[in-house]
Amino acid sequence: MAPSKQDTTAYINAIAQPPPPGTPYALPIPGTERPNRTPIYRHWRFQNGPLLETFDPAIRTVHDLFEASVARVPRNRCLGHRPWNPVSKTWENKFVWTTYTEVAERRKNFGAGIVELHQRVGVTADKKYAVGLWAQNRPEWQITELALLSQSLWPVSLYETLGPEATEYIINHSELTAVVCSLPHIPTLLKLAPRVPSLKFIISLDPLDAGEMTGHSKLSLLNAAAAQVGLEIFSMEGVEALGARSGRPMRPPQPEDVLTINYTSGTTGDPKGVLITHANGVAGISAARSNQSITAGDVHLSYLPLAHIYGRMADQTALAEGASIGYFHGDITQLVEDIKLLRPTGLMSVPRLFNRINSAIQAATVEQEGFKGALSRRVIEAKKASMKLPPGKATNKHFLYDKIWTPKVLKGVGLSRARTMVSGSAQLDPDVHEFLRAAFGNNFVQGFGMTETYAVGTVQMPGDFTTGNIGPPCPSVELCIESVPDYEYTVEDKPNPRGELLMRGPIIFKEYYRNPEETAKTIEADGWFHTGDIVEVDSMGRFKIIDRKKNVLKLAQGEYISPERIENVYLGSCNLLAMAFVHGEPKESSLVAVFGIDPVHFAPYASKILKQNISAEDKAALKVAANDPRVKGALLKLLDNIGKSHKFNSYEKVKNIYLDIEPFSIENELLTPTLKLKRPQTARAFRAEIDRMYEEIAANAGSKPKL
């Protein structure tokens, strides 16, 4: 049974502790094996009995979690931001804060006002429904979500990378009557209005009236344009005032109510709406709290997009703990400026940022000449050696270096107070992980989660300094592995069982909204969720992602990419190519490709560039010509133009290529009898070429990245 409120902190402390040195972090439950499946693995403290759902039986919704924090720490700083100075046209060099009590009052009024506006357009108060939310991270984003939850409503996130077609689809699919957004998104919504008939009004998070003459305010001008497409526009300030006047009480949600519908990026068709309940959210937040990445009194930096579950889970964990959340000012290239001002006590981020920090610190320390470089190399090597000591003795601390060297490194990137760091969303390069652990001397772990699991699932435990794995299961989930013989992964593999990762427990989403076919394909009748990730598990109960079953890639910046879609565009737009394999590495931020050329069309193309005659029948000469830098450069430009014409995002464009005549065939076992590409096998077969392409990209990138 979960503990009382008084016991919560002690209970979390107990769960966060690692097992005795040398013993497993997760344990297989005897007798749970099934044909082609491993036993079920659980967190070492939850091998028997129910999985973790909540720390307090009275707290069953995310609304309850926030209410408990307001009651516990009403005067604590809650949400902070850097104000914009209209005179200097710069962001202020300070954070301005609102307390938990102040946020709670605004939340209550805004929620009541949103219900009042829906009633005006015929949506009765007894209904529960979704409201669109479209903005960068900012305090108003969090206030809006809390407001919706206070009335048993829920947010549906919209975000820039979806594109107009996906935005239109989501508004229609979730039948949104209203969208709450930042000012720049209003014109986009007005353009979409004729194609989204359910949409009736828009609420701006930004002020729309600064005391101008009648008819001259932004509110008046925007409403004049909105009236032409049947919409009305309101300001957040006005809706809060409406809610306060209404006297409408809060209508708290139930555990089975919808917390959010979060649409995936839709890389292989229309986006899927992942329906998550309050019970799912509380279980996920409880799992996150159990590793103590954010605790009471901490200062958390919010920059991971709140439109995605990872950023949302992190913020909600901070709110559940009564911590303070400081929002970045919106420019990711100046994130370190925000970090230095805020001085967060931890950093939950993605590999792309850690890669940048790693490159900058190495350039400033171990790559320096003279005494500074020599001392830095000595520090890092000494700490790396200490991290390789036996369990129970391994450490990334040093009694001397952590006094004379480490504090300067941490201060240089604004992390002097950071006791924990978490990397998620994509795989972290083991070398980066090891170096930053040594350089920072704090608890830096890697974890795994998905939208469907509320961004939690596994995470490394303190004292485990291994790299390349995602740790054991969290207390709110159980895992098993299922053989995937088509990809040559089985639970009988040695030394470790390998196959698709399956997850089950209170964190697993309820369904794909209005998509029973996809739900049935993904969730089994007994609750097992098929992740599509290929993993292995070692004798210590740590899981490691080694592949993906689905033809979807994830790059270092956390973006999902459908290689098959990109391949089809290139092959359909360019007669020089006959075969395609687009590939991305989790630790890299760009794509590379292996193409099979069409000799008949490619020979004259290469001949023209090289100004020599190359015959389509001379395969040896054709292969040499295909990989001539001049030919490759010209083809890359052509592919870039194709990407632009098809509105590829920058991360969807191939940055380097390797060309061959027939790289994949049934004979070389890279194509199935039905001529489908075997992706894992192809990646292995072209490992050397892939590595070389990424080396060339890195070499051409020039100078080291700067923070």
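Each chain has its residues counted from 1, following the order in which its sequence is written. Residue-level local features of this predicted model are given only where pLDDT is at least 70; pairs of side-chain atoms are given and counted only at 80 or more, and the full residue set underlies all totals for whole chains, interfaces and linings. The side-chain quantities take in all heavy atoms of the structure and omit both hydrogens and water.

> Before we go on, may I ask you to explain the packing of helix H3 (residues 100-120) against helix H8 (residues 236-246) in this structure?
For any two helices packed against each other, one specifies the inter-axial angle together with the distance between the axes. As a packed pair, H3 and H8 sit with axes 7 Å apart at the nearest point and diverge in direction by 90°. Taken together, the axes of H3 and H8 are roughly perpendicular relative to one another. On H8, the residues touching Arg 106, Asn 109, Phe 110, Ala 112, Gly 113, Ile 114, Glu 116, Leu 117 and Arg 120 of H3 are Met 236, Val 239, Glu 240, Leu 242, Gly 243, Ala 244 and Ser 246. When grouped by side-chain class, the residues that make up the contact of H3 with H8 number eight nonpolar, four polar and four charged. With axes taken as lines fitted to C-alpha atoms, and helix axes fitted only over the stretch in contact, angles between N-to-C directions fall between 0 and 180 degrees. The helix count covers DSSP runs of H or I at least four residues long, the strand count covers runs of E at least two residues long, and both are numbered beginning at the N terminus. Put simply, angles under 35 degrees are roughly parallel, angles over 145 are roughly antiparallel, angles from 65 to 115 are roughly perpendicular, and the rest are oblique. Contact definition: two residues touch when any of their heavy atoms are within 4.5 Å. Gly is placed with the polar residues, together with every amino acid not listed as nonpolar (Ala, Val, Leu, Ile, Met, Phe, Trp, Tyr, Cys and Pro) or charged (Asp, Glu, Lys and Arg).

> Just to check I follow, could you spell out the packing of helix H13 (residues 370-387) against helix H16 (residues 430-440) for this structure?
The N-to-C vectors of H13 and H16 enclose an angle of 110°; their axes lie 9 Å apart at closest approach. With respect to H16, the axis of H13 lies roughly perpendicular. In this structure, H13 contributes Ile 380, Lys 383, Lys 384 and Met 387 to the contact, and H16 contributes Glu 434, Phe 435, Arg 437, Ala 438 and Ala 439. Partitioning the contact of H13 with H16 into residue classes produces five nonpolar, no polar and four charged.

> Explanation requested: the nonpolar core in the structure shown.
Considering soluble globular proteins, one finds that nonpolar side chains tend to be buried as a cluster. In these notes, a set of buried Ala, Val, Leu, Ile, Met, Phe, Trp, Tyr and Cys residues joined through side-chain atoms within 4.5 Å is what counts as a nonpolar core. Each residue is placed in one exposure class: buried if its accessible area under a 1.4 Å probe, protein chains only, is under 20% of its type's maximum, exposed if it is over 50%, and partly exposed if it falls in between. Ranked by internal contacts, the top residues of the largest apolar core, which has 124 residues, are Phe 66, Ile 203, Leu 415, Leu 436, Phe 440 and Phe 543. Residue-level mapping places this core at the junction of two domains, with at least three residues from each of domain 1 (62-286 + 300-318) and domain 2 (345-548). Those residues in contact with Leu 436, other than ones at most four positions away along the chain, are Phe 354, Ile 357, Asn 358, Ile 361, Gly 441 and Phe 444. Formed by 33 residues, the second largest nonpolar core is a distinct cluster that contains Leu 553, Ile 561, Ala 606 and Leu 659. Residue ranges assigned to the domains are those given by an automatic or database domain assignment.

> Any chance you could explain the packing of aromatic side chains here in plain terms?
Geometry of an aromatic ring pair is reported as the spacing of the ring centres plus the angle between the planes. Note on aromatic contacts: the rings of Phe and Tyr and the six-membered ring of Trp form a pair at centre separations within 6.5 Å, being stacked when their planes are under 30 degrees apart, edge-to-face when over 60 apart, and tilted otherwise. Under the counting rule described, the total for this entry stands at 16 aromatic pairs. Where Phe 509 meets Phe 529, the ring centres are 5.6 Å apart and the plane angle is 80°; that geometry is what we call edge-to-face. Of this pair, Phe 509 sits in the loop between strand E21 (498-504) and strand E22 (511-512) while Phe 529 sits in strand E23 (residues 529-537), and the two are 20 residues apart along the sequence. In this structure Phe 509 comes out as buried when scored by relative accessible area, which is 3%. Overall, Phe 529 belongs to the buried group, its relative accessible area being 0%. Taken together, the aromatic side chains of Phe 581, Tyr 658, Phe 664 and Phe 686 make up a single cluster linked through ring pairs. Two conditions define a charge located above a ring, namely a distance within 6 Å from the ring centre to NZ of Lys or CZ of Arg, and an angle within 35 degrees of the ring normal. For the cation-ring pair, Lys 272 lies above Tyr 512, with the distance from its terminal atom to the ring centre recorded as 4.6 Å.

> Honestly, the side chain of Glu 145 in this entry has me stumped. Any pointers?
Here Glu 145 shows up in helix H4 (residues 139-150). By relative accessible area, Glu 145 is classed as buried at 1%. Apart from residues no more than four positions distant in its own chain, Glu 145 is found in contact with Leu 133, Pro 155, Arg 312 and Gln 316.

> Honestly, the pairing of strand E13 (residues 273-277) in this entry has me stumped. Any pointers?
Each regular strand carries side chains that alternate between the two faces of the sheet. By the criterion of burial, E13 is predominantly enclosed, with five of the five residues buried. Burial of E13 is two-sided: the residues Gly 273, Leu 275 and Thr 277 facing one way and the residues Val 274 and Ile 276 facing the other way are all buried. A pair of strands is treated as paired once DSSP finds two or more bridges between them. Judged from the two bridges that link them, E13 and E22 form a sheet pairing that is antiparallel. Residue Val 274 lies in a different strand from E22, and its bridge partner there is Tyr 512.

> Where do I start with the sheet that holds strand E18 (residues 443-449) in this structure?
Neighbouring strands of a sheet are bound in pairs by backbone hydrogen bonds; such pairs are parallel or else antiparallel. If you walk across this open sheet you meet the four strands as E16-E17-E18-E19, and the pairing is mixed. Sheet topology places strand E16 (346-349) and strand E19 (457-459) at the edges, where each strand pairs with a single neighbour. The mean angle between the axes of side-by-side strands here comes to 15°, regardless of whether they run parallel or antiparallel. In the sheet, E16 pairs with strand E17 (residues 420-423) via four bridges, with the strands oriented parallel. Bridge pairing in E17 links Ser 349 to Ser 423. Across the sheet, helix H10 (residues 309-321) touches E16 and E17, and the angle it forms with E16 is around 155°.

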